Amino acid sequence: MKDHIAAVWHSPYSYILTSIALLTPCYWQPRLQAGDLSSHIYNAWLVRLIEQGRTPGLVVVRQWTNVLFDWILSGLFRVFGAEAAQRIAVSLAVLIFVWGAFAFVSVVAGRRSWHLMPCISMLAYGWVFHMGFFNFYLSLGLCFWALAAAWKSTPRRLGAAIGILVPAFLAHALPVVWTIGLLTYVLAARRQTAAGRVCLTTGFVLALAVFHGIVGHLLVTRWSPVQVTFTTGLDQLWVFDTKYYLVLMGLLAVWGLLFAGLVRGSGVQQVAGSIPFHLCVISAAVVFILPSTVLIPGFAHALSYIAERMSLGVAVCICALLGTVRPRRLERYALVAVAFAFFGFVYSDERALNSFEDRMEDVVTQLAPGQRVVSPITDTDMRTNALTHMIDRICVGRCYSYANYEASTAQFRLRAVRQNPFVAATYRDSWDMQTGKYVVKQGDLPLYKVDLENDGKMVVRSLKAGSPCGITRWKTLVDLLPNS
């Protein structure tokens, strides 16, 4: 019986069965709850309206990065509609990310590291996923495929890696720059002794510090010492509120046991001198040293959450380091238990968010079609922006999410070139609408606000010129742990 199970596990069927299990969170709720995903699908709808000539003041521009996921989503939207497009596009991104990470971890370990699949699956549905940063997410997944392809450094494999980095750049440039840096290190480090690698890594870290200084001098940036808390990648498991600390600490304990086993089996010097260990160090240094926010010339909105995004790369690098360990039964079962707890929390929280979106949709459907709507409702106990863009998806085919930010940032292919009745033309106005500071102008009317009364009843209010739209704070989830 055990031999039969082992044969299936090492056959192609294992990948098919695992893929089906991996995609379950994409289909277990009425809607995908992933922050900016609602904004992406809303803007895919606006792009269709632009193509039909129905939205003067909005245009679609050509750009070569931060677009791949939107292209995929728009193409699927045209064929299957909004609901199916979201699920198919996100499913594709999840599979690319998970199997890219698995390929990278396995090629570094020299064997298929199935015992780490629970960890990779949690990371796949962690903070970056639930923020909805899917261009970045897709790019990072492709970059893991490139790292796996280039690990043995033959000309053919390096050529394949370069080919993979092209679509990765179309998705997002940041993971591609990180990948090129890691591959440069790997190629140089293989010609070095253990002591030479330490010097090489030190040089990389110093170069990051110098680069930080140059960028900080030339551009508007923001850095915080809090970034040190992202250097292990464990923060990816802190999705919504404080109950996820339990999962985070559980994975930290398992990683500690696996690392102790690695040191026992290989020795401190061999581990500390290994290339996978130094990749973890360099990636952690990227997260800690570089600014987390950079205002790039030509953009109306800063590239933000750089450290929080790149911590996902650190976490997968740590998995690659630990992939060589032969786990004991305790560690295998512990990883599965942590994963069950994580996905249990995610299921419960996404169910609550879907219920909230149901209520919001019910009140918006009471409006006449084509109205402008804002929903400055926030939950300050949540780490992700789960409520901020919820109105965007509700408005698809129904109304205009006036505060939607994409068209005003110049970071996306959809652009607002002048004042228009569909979406805020400037990022300042968009941000003020989201945060309740915006003072309504006569030209905005009619403008409606989705709001909550003290007893939690969802309502729609008609806003008046000269009044701030205001913001409502609401506790959406049940937290198992008290907030600090």
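Residues numbered from 1 in each chain as written. Predicted model: local features only at pLDDT ≥ 70, side-chain atom pairs only at ≥ 80, totals over all residues. Heavy atoms only, no water.

J.: Sorry if this is basic, but what is going on with the overall build of the protein here?
T.: Across its full length, the protein carries 19 helices and ten strands. In terms of overall dimensions, the protein has a C-alpha envelope of 70 × 55 × 45 Å along the principal axes. Relative to its full complement of 484 residues, the protein shows a buried share of 57%. Long-range contacts, defined as pairs at least 24 residues apart, comprise 77% of the intrachain contacts of the protein with a sequence gap of at least 6. Surface exposure of the protein reaches about 20,600 Å², of which carbon and sulfur atoms provide 64%. (Helix = DSSP H or I, 4+ residues; strand = E, 2+ residues; numbered from the N terminus. Buried < 20%, exposed > 50% of the residue type's maximum accessible area, 1.4 Å probe, protein only. Contact = heavy atoms within 4.5 Å. Areas by Shrake-Rupley, 256 points an atom, 1.4 Å probe, with all protein chains shown as cover.)

J.: Honestly, the pairing of strand S8 (residues 447-452) in this entry has me stumped. Any pointers?
T.: Regular strands place their side chains on alternate faces of the sheet. Counting buried residues along S8, six of its six residues qualify, which places the element largely inside the surrounding structure. Taking every second residue as pointing to the same face, both faces of S8 are buried, with Leu-447, Lys-449 and Asp-451 on one and Tyr-448, Val-450 and Leu-452 on the other. In the sheet, strand S4 (residues 372-374) pairs with S8 via three bridges, with the strands oriented parallel. Along S8, the bridge assignment pairs Arg-372 with Leu-447. (Pairing = 2+ DSSP bridges.)

J.: Quick question: what am I supposed to make of the state of the cysteines here?
T.: Structurally, a disulfide amounts to a covalent bond that connects the sulfur atoms of two cysteines. In total, this model carries one disulfide according to the counting rule given. No disulfide involves Cys-119; its sulfur sits 3.4 Å from the nearest other cysteine sulfur, which is in Cys-319. The thiol of Cys-317 is not disulfide-bonded; the next cysteine sulfur, from Cys-280, is found 5.4 Å away. (Disulfide = S-S within 2.5 Å.)

J.: Sorry, what's going on with helix H3 (residues 37-51) here?
T.: Note: α-helices contain 3.6 residues per turn, so residues at a spacing of three or four share the same orientation. Compared with an ideal rise of 1.5 Å per residue, which puts 15 residues at 21 Å, H3 spans 21 Å between its outermost C-alpha atoms and is within 8% of the ideal. Gly-53, located one to two residues past H3, shows a positive phi value of around 75 degrees. (Expected span 1.5 Å × (residues − 1).)

J.: Explain the sheet that holds strand S9 (residues 458-462) here, please?
T.: Strand pairing in a sheet relies on backbone hydrogen bonds. The paired strands run either parallel or antiparallel. Read across the sheet, four strands follow the order S6-S4-S8-S9 without closing on themselves; strand pairing throughout is mixed. Taken across any chain shown, the strands that pair with only one partner, and hence form the sheet edges, are strand S6 (400-401) and S9. Pairing geometry for S8 and S9, over five bridges, is antiparallel. Residue pairing for S9: Lys-449 is matched across the bridge by Arg-461.

J.: Can you walk me through the packing of aromatic side chains in this structure?
T.: The geometry of an aromatic ring pair is captured by the separation of the ring centres together with the interplanar angle, meaning the angle of the planes. Taken as a whole, this structure holds 34 aromatic pairs when the rule is applied. Ring geometry for Tyr-42 and Trp-45: centres 5.8 Å apart, planes at 50 degrees, overall tilted. Taken together, the positions of Tyr-42 and Trp-45, both in helix H3 and three residues apart, correspond to about one turn of that helix. When the ring centre of Phe-133 is taken as reference, the NZ or CZ atom of Arg-309 above it lies at 4.1 Å. Across from the ring centre of Phe-136, 5.7 Å away, lies the NZ or CZ of Arg-309, which sits over that ring. (Phe/Tyr/Trp six-rings, centres within 6.5 Å; stacked < 30°, edge-to-face > 60°. Lys NZ or Arg CZ within 6 Å of the ring centre and 35° of its normal.)

J.: Help me understand helix H12 (residues 244-266) in this model?
T.: When the terminal C-alpha atoms of H12 are compared, their 33 Å separation across 23 residues agrees well with the 33 Å that a helix rising 1.5 Å per residue should span. Those residues of H12 that are buried lie in contact with helix H6 (117-124), helix H13 (268-272), helix H15 (306-322) and helix H16 (329-364). Where H12 ends, the next residue or the one after it, Gly-267, has phi of about 95 degrees, a positive value.

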